[in-house]
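# Architecture at a glance
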Amino acid sequence: MDKLLIKGGKTLNGTVTISGAKNAALPELCAALLTADTVTLENVPGLQDVSTMLKLIRNMGVTAERNKDVPSTVTINAGSLTSPEAPYELVKTMRASVLALGPLLGRFGEATVSLPGGCAIGSRPVDQHIKGMQAMGAEIVVEHGYMIARLPQGRTRLKGCSITTDMVTVTGTENFLMAASLAEGETILENAAQEPEIGDLAEMLIKMGAKIEGHGTRRIRIQGVERLYGCTHQVVADRIETGTFLCAVAATGGDVTLLHARADHQDALVDKLREAGATVTAIDGGMRIQSQGRLKAQSFRTTEYPGFATDMQAQFMALNAVSHGAATVTETIFENRFMHVNEMVRLGAKIQIEGKVAVMEGVEKLSGATVMATDLRASASLVIAGLVADGETLIDRIYHLDRGYDQMEAKLRGIGADIERVKS
């Protein structure tokens, strides 16, 4: 099992290229199931979750291949799809498997999808997905760990309807977008998620011939069409990878340009970084961050986009750990998303947990130690902590990191970090 060895204390300087967003690429790979034509996705990140999704759709009989010369380009053709099923063996490590439900139901009128797995950061109920698909006319039962869905006898398409979810759900909004694109009539999504990745998926669907309005707002309107077509689409830049590098530079100090980064997707994070004392600017083709000395600790509360992202909570906590002053961090999205705290404390951070609130007191220095990653974003926070800690930090279980960051250690080395991957 691979580990990361970090020798801390280096400032970060130079240029790093931000990869395509995992949370856009995964639903967009599933969106390719909506047509028998060829779909080409560009800027697809080289991640474990993407590889798992490619295995999943290939298992259905779909042709899906990375370009040998340009591995970030993937070509998918679902014209020969033979098995509308997402089995547990292929999706047990990835909750995004639920995204196969909408396109399979929308195009084929049936789907068998394993209940999803993924990071151990809290419950991720699929009941909203099921209720929405039932409202569109699907019959769904959950048995033996699978959602088994089909259209009633005599129906060939889902039917448009109004769907109001009990909570804001990103994957639910994405599933409904895909299913409704081929449904009969109009579907209106109320309380829709507004994340940039959803807007990117909607733009891809529109290229395929879907009729969608209002994406990026709480109310999305979809007019179903009889068929969708192939397209070429570039995956939007990963705002969480962008945010992770922004926090890393803010913590270590330095001057880094982030190519392809979207400043318009980072408002909540950038506001906090600027309040902390970093200089963050939007530039042509990306972003630039400059940081010098210890910054000021910042309190924040996670919430749905466009608020402060739960996926950036752990990374900003690593910055707070070595900043001046005290801060409180309130987690409102997932109940188990403070699992990185015990590992940070091993490095010398001063953090106390009180329910959904972490109370932090910044320290001048962290001290290197052996720590263990517990989930994707926790692993990124430990990397940041290791970059600023005295001595050596060894991070175990970095397979979590590989699920969401494309060549992270190579990118960090390229801007001055002393970091290497080691075998057990």
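Quantities reported herein were computed from a predicted structural model and do not represent experimental measurements.

Turning our eyes to something else, we now look at the packing of aromatic side chains. Each pair of aromatic rings is reported with the distance of its centres and the angle of its planes. For the structure on display, the rule yields 3 aromatic pairs. Where Phe 308 meets Phe 316, the ring centres are 5.8 Å apart and the plane angle is 85°; that geometry is what we call edge-to-face. Judged by relative accessible area, Phe 316 falls into the buried class, the value being 0%. Within the aromatic cluster, the residues linked to one another by ring pairs are Phe 300, Phe 308 and Phe 316.

Burial within helix H1 (residues 22-31) is extensive, with 9 of its 10 residues counted as buried. What H1 keeps buried is the set Lys 22, Ala 24, Ala 25, Leu 26, Pro 27, Glu 28, Leu 29, Cys 30 and Ala 31.

Now for empty space enclosed by the protein. With the rule as written, the count across this model stands at 2 cavities of 30 Å³ or more. For the second largest cavity, the calculated volume is near 40 Å³. Ile 163, Thr 165, Thr 173, Phe 176, Leu 189, Glu 190, Asn 191 and Ala 192 are the residues that line the second largest cavity. Of the residues in the lining of the second largest cavity, the class split is 4 nonpolar, 3 polar and 1 charged.

Turning our eyes to something else, we now look at the pairing of strand S5 (residues 74-77). The alternating pattern of S5 places Val 74 and Ile 76 on a buried face and Thr 75 and Asn 77 on a face that is not buried. The pairing of strand S3 (residues 38-42) with S5 spans 4 bridges and is antiparallel. Directly across from Leu 41, in S5, lies its bridge partner Val 74. Relative to S5, strand S4 (residues 63-66) runs antiparallel, the two being bridged by 4 bridges. Within S5, the position partnered with Thr 63 by the bridge is Asn 77.

Conventions and cut-offs
- Residues numbered from 1 in each chain as written.
- Predicted model: local features only at pLDDT ≥ 70, side-chain atom pairs only at ≥ 80, totals over all residues.
- Heavy atoms only, no water.
- Phe/Tyr/Trp six-rings, centres within 6.5 Å; stacked < 30°, edge-to-face > 60°.
- Buried < 20%, exposed > 50% of the residue type's maximum accessible area, 1.4 Å probe, protein only.
- Helix = DSSP H or I, 4+ residues; strand = E, 2+ residues; numbered from the N terminus.
- 1 Å grid on protein atoms, 1.4 Å probe; cavity = no way out; pocket = protein on both sides within 12 Å on 5 of 7 lines; lining within 4 Å.
- Points joined across faces, edges and corners; volume = space filled by probe spheres on them.
- Nonpolar A, V, L, I, M, F, W, Y, C, P; charged D, E, K, R; others polar.
- Pairing = 2+ DSSP bridges.

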